[in-house]
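Per-entry structural report
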Amino acid sequence: MGETETGARAMRPVLRVLGGEALTPPPAWMMRQAGRYLPEYRELRAKAGSFLDLCYTPDFAAEVTLQPIRRFGFEAAILFSDILVVPHALGQGVRFVEGEGPRLDPVADRAEIEALREPGDARIMAHLGPVFETVSRVRAALPRETTLLGFCGAPWTVASYMIGGRGTPDLAPARGLAARDPALLDALLNRLVTVSVEYLARQLEAGADAVQIFESHAGALPALPAGETGDALARFSFRPIARMVAGLRARVPGARVIVFPRGSGLDGHVRALAETGADAVGVDWDVDLASVRARLPAAAVTQGNLSPETLIEGGAALDAAVDAILAATAGHPHVFNLGHGITPQTPIPHVERMLARLRS
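Since the model is a prediction, treat every value here as computed from it, not as a measurement. (Residues numbered from 1 in each chain as written. Predicted model: local features only at pLDDT ≥ 70, side-chain atom pairs only at ≥ 80, totals over all residues. Heavy atoms only, no water.)

**Looking at the UniProt feature "site: Transition state stabilizer" (unreviewed entry) in the protein**
In plain terms, the rule: UniProt positions are given in the numbering used here, feature names are shortened, and annotations may be inferred rather than shown by experiment. In what follows, residue pairs with any heavy atoms lying within 4.5 Å of each other are defined as contacts. In the analysis that follows, any N or O atom pair within 3.5 Å is treated as a polar contact, provided that within protein one partner can donate a hydrogen and the other can accept it, and provided that, for residues neighboring in sequence, both atoms belong to side chains.
Per the UniProt entry, the sites bearing "site: Transition state stabilizer" (unreviewed entry) are Asp82 in this numbering. Apart from residues lying up to four places away in sequence, Asp82 is in contact with Phe51, Cys55, Phe96 and Phe151. Within the structure, the side chain of Asp82 is placed 2.9 Å from the backbone nitrogen of Leu84, a separation counted as a polar contact.

See below:
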């Protein structure tokens, strides 16, 4: 990294907050900010073919990543991709069905899991090469003050899709495997830890400034195996993430990491930083942010937790919600964000109103 780029990184507001600095107003971005609520995204999506073609074509993926930065001037861009490119790179069949979401060829037994590519297989990172090219292109095109975030899914969340073949309300297939053969689930989680460390490291090396680990299914964990003590959140979520964070920093010293433990409740959000080693915790929308802040050290970094439904509602309710987040985080390092991804039906003027309220 050259001297000019090092200086630019030091001035990026989101990176400053991730380093523990409280800024007023806090910098902002939105999960799923590049997506179907934007007409320019829908136009490009129609040209791309399949969703995976959109993810794996750097021209398209870079353009989609940049669209919300041009429109709204967010302080961070997040790579446009999907958490399921990792199982796809491992050799699992993955496709996206219009109107239904992802479908995978389930890996439900030992033979199917052992048939996946082993960490270190050169085909894995070769498969993900277009993602790293997208990161490089976006970094070159972004304003110097804008942070670029890479990301991946947490091992438990990704494994639940791999085992179930799709998202299910209670993750019964993955929970069932944990009950039948916890050692086999551990083997899959460990494989995902190793591959995800390499994947995130290469994103950082390609130009990402920081990364987010999405534990989208922290609220639906298996019961502990017979004879084990402790709790499932630590066993299946936070410990694998902690191994990822440690492995990533061994590969990229000083790497900045955000963890988003959706559905883990107040206690889970409070525990996340200490138990994973991440720099910031993303707070989902159904947890009281003031309560989280009250139980964290003053210098702890938070992110979130505006409800996507409030953003759809707009008006006075949106103004009040923005004000409440600012009040809860005043004097503390915080990145303004939603508590989950923006939804396709969100009116663009509501996003503009949110940012105007925040920045005024």
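That was the structure; now back to the text.
**What to know about the side chain of Arg139**
How we decide: A run of DSSP states H or I qualifies as a helix once it reaches four residues; a run of E qualifies as a strand once it reaches two. Both are numbered from the N-terminal end.
Along the chain, the position of Arg139 falls in helix H9 (residues 129-141). Among all residues touching Arg139, those that are not within four sequence positions of it are Glu5, Arg12, Arg144, Thr146, Thr147, Leu148, Gly207 and Asp209.

**Remarks on unusual backbone geometry**
Cis rather than trans, the peptide bond between Thr24 and Pro25 has omega equal to -5 degrees. Within the element layout of this structure, Pro25 appears in the loop between helix H2 (13-18) and helix H3 (39-48). For the bond from Gly304 to Asn305, the omega torsion is 0 degrees, close enough to zero to count as cis. Looking at the secondary structure, you find Asn305 in the loop between strand S8 (301-304) and helix H16 (308-313).

**Observations concerning the pattern of salt bridges**
Our working rule: Throughout this description, the term salt bridge denotes a Lys or Arg side-chain nitrogen within 4 Å of a carboxyl oxygen of Asp or Glu. Each residue gets one of three labels from its accessible area relative to the maximum for its type: buried under 20%, exposed over 50%, partly exposed in between, using a 1.4 Å probe on protein chains only.
Taken as a whole, this structure holds 29 salt bridges when the rule is applied. The residue Arg70 makes a salt bridge to Glu63 at a minimum N-O spacing of 2.8 Å. One salt bridge in this structure joins Arg103 and Glu100, with 3.0 Å as the shortest N-O distance. Owing to a relative accessible area of 13%, Arg103 belongs among the buried residues under this scheme. Each of the salt bridges in this network shares a partner with another, and the network as a whole consists of Arg9, Arg12, Arg139 and Asp209.

**Some thoughts on helix H13 (residues 232-251)**
So the rule is basically this: Expected span of a helix: the number of residues minus one, times 1.5 Å. Note that bend, as reported per residue, equals the angle between axes fitted to the 7 residues terminating at that residue and the 7 residues originating from it.
Taking 1.5 Å of rise per residue, 20 residues should cover 28 Å, and H13 covers 28 Å from first to last C-alpha, within 8% of that figure. Approximately 40 degrees is the largest bend angle found in H13, and it occurs at Phe238, with the proline Pro240 only one to four residues beyond. Lining the buried residues of H13 we find strand S4 (147-153), helix H10 (155-164), helix H12 (182-206), strand S5 (210-215), strand S6 (256-261) and helix H14 (265-276). Where H13 begins, the capping side chain belongs to Asp231, and its oxygen is found 3.1 Å from the backbone nitrogen of Leu233.

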